[in-house]
Amino acid sequence: QTQLAESGGGLVQPGGSLRLSCTASGSIFSIYDMDWYRQAPGKQRELVASIDFQSNTNYADSVKGRFTISRDNTKKTLYLQMVSLKPEDTAVYYCCQRARPPWERTDYWGQGTQVTVSS
């Protein structure tokens, strides 16, 4: 029943900024921990940032200080603000709603949004 839709990706030059959004439907958004992942060609999917239902956050070392994860529970939206973008940030970015028994026993994933950092 949960559906996630990412948006905000695109082409940006090195040093630029971008804000990704993930809108949720079909769930009580505020009770779920949420993640941003990314996957570059030929690479494994990587956890970029996490935010729990109390808005505590964690970041991968590769993005710490440059990316900010946040959530707006009234809008059922997850955000990833990205600044000082580097070519190595190029990837498809996915949001994930983490399982939270007993309400939900499985993770849910969005379809992904492409971020390309290139001059």
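Computed from a predicted model, the values in this text were never measured in an experiment.

A.B. asks: I would appreciate a short explanation of the pattern of salt bridges in the present structure.
C.D. replies: Think of it this way: side chains of opposite charge can pair up when their charged atoms draw near. Tallied over the full model, the rule gives 6 salt bridges. With a shortest N-O distance of 3.3 Å, Arg98 and Asp35 are connected by a salt bridge. Of this pair, Arg98 sits in the loop between strand 9 (91-97) and strand 10 (108-109) while Asp35 sits in strand 4 (residues 34-39), and the two are 63 residues apart along the sequence. Classification of Arg98 as partly exposed rests on a relative accessible area of 36%. Judged by its relative accessible area of 2%, Asp35 falls in the buried class. Two residues, Arg66 and Asp89, come together in a salt bridge whose shortest N-O distance is 2.8 Å. A residue pair is termed long-range when its members are at least 10 positions apart, and Arg66 in the loop between strand 6 (57-59) and strand 7 (67-72) and Asp89 in the loop between strand 8 (77-82) and strand 9 qualify at 23 residues.

A.B. asks: Would you take a moment to explain the environment of Met82 for this structure?
C.D. replies: Topologically, Met82 is positioned in strand 8. Relative accessible area serves as the criterion here: at 0%, Met82 is assigned to the buried category. Note: C-alpha distance between Met82 and Val63 (19 residues apart in sequence) is 8.6 Å. Other than its neighbours up to four places away in sequence, Met82 contacts Gly16, Ser17, Leu18, Leu20, Arg66, Phe67, Tyr93 and Val115.

A.B. asks: Mind showing me how you'd approach the nonpolar core here?
C.D. replies: In summary, soluble globular proteins display a tendency toward joint burial of nonpolar side chains. Trp36, Leu78, Leu80, Met82 and Tyr93 are the most contacted members of the largest nonpolar core, which has 27 residues in total. Breaking this core down by element, the ones donating at least two residues are strand 3 (18-25), strand 4, strand 5 (46-51), strand 7, strand 8, strand 9 and strand 11 (113-117). With 4 residues, strand 3 is the largest single contributor of residues to this core.

A.B. asks: Hey, could you run me through the packing of aromatic side chains in this one?
C.D. replies: In this description, an aromatic ring pair is defined by two values, namely the gap between the centres and the angle between the planes. On inspection of all chains with the given rule, the structure shows 1 aromatic pair. Over the face of the ring belonging to Tyr94 we find Arg45, whose NZ or CZ atom lies 3.9 Å from the ring centre. Residue placement shows Arg45 over the ring face of Trp109; its charged tip is 4.9 Å from the ring centre.

A.B. asks: What is the right way to look at the state of the cysteines in this model?
C.D. replies: Think of a disulfide as a covalent bridge from one cysteine sulfur atom to another cysteine sulfur atom. Per the counting criterion, the structure on display carries 1 disulfide. Here Cys22 is linked by a disulfide to Cys95, with a sulfur-sulfur distance of 2.0 Å. What sets the handedness of the Cys22 and Cys95 disulfide is the S-S torsion sign, and at about 50° it is right-handed. Residue Cys22 is found in strand 3, and its partner Cys95 is found in strand 9; the two are separated by 73 residues along the sequence. Assessed through its relative accessible area of 0%, Cys95 is described here as buried. Residue Cys96 stays outside any disulfide, its sulfur separated by 7.8 Å from that of Cys95, the closest cysteine. Overall, the relative accessible area of 1% leaves Cys96 in the buried class.

Cut-off values and rules
- Residues numbered from 1 in each chain as written.
- Predicted model: local features only at pLDDT ≥ 70, side-chain atom pairs only at ≥ 80, totals over all residues.
- Heavy atoms only, no water.
- Salt bridge = Lys/Arg side-chain N within 4 Å of Asp/Glu carboxyl O.
- Helix = DSSP H or I, 4+ residues; strand = E, 2+ residues; numbered from the N terminus.
- Buried < 20%, exposed > 50% of the residue type's maximum accessible area, 1.4 Å probe, protein only.
- Contact = heavy atoms within 4.5 Å.
- Core = buried A, V, L, I, M, F, W, Y, C linked by side-chain atoms within 4.5 Å.
- Phe/Tyr/Trp six-rings, centres within 6.5 Å; stacked < 30°, edge-to-face > 60°.
- Lys NZ or Arg CZ within 6 Å of the ring centre and 35° of its normal.
- Disulfide = S-S within 2.5 Å.

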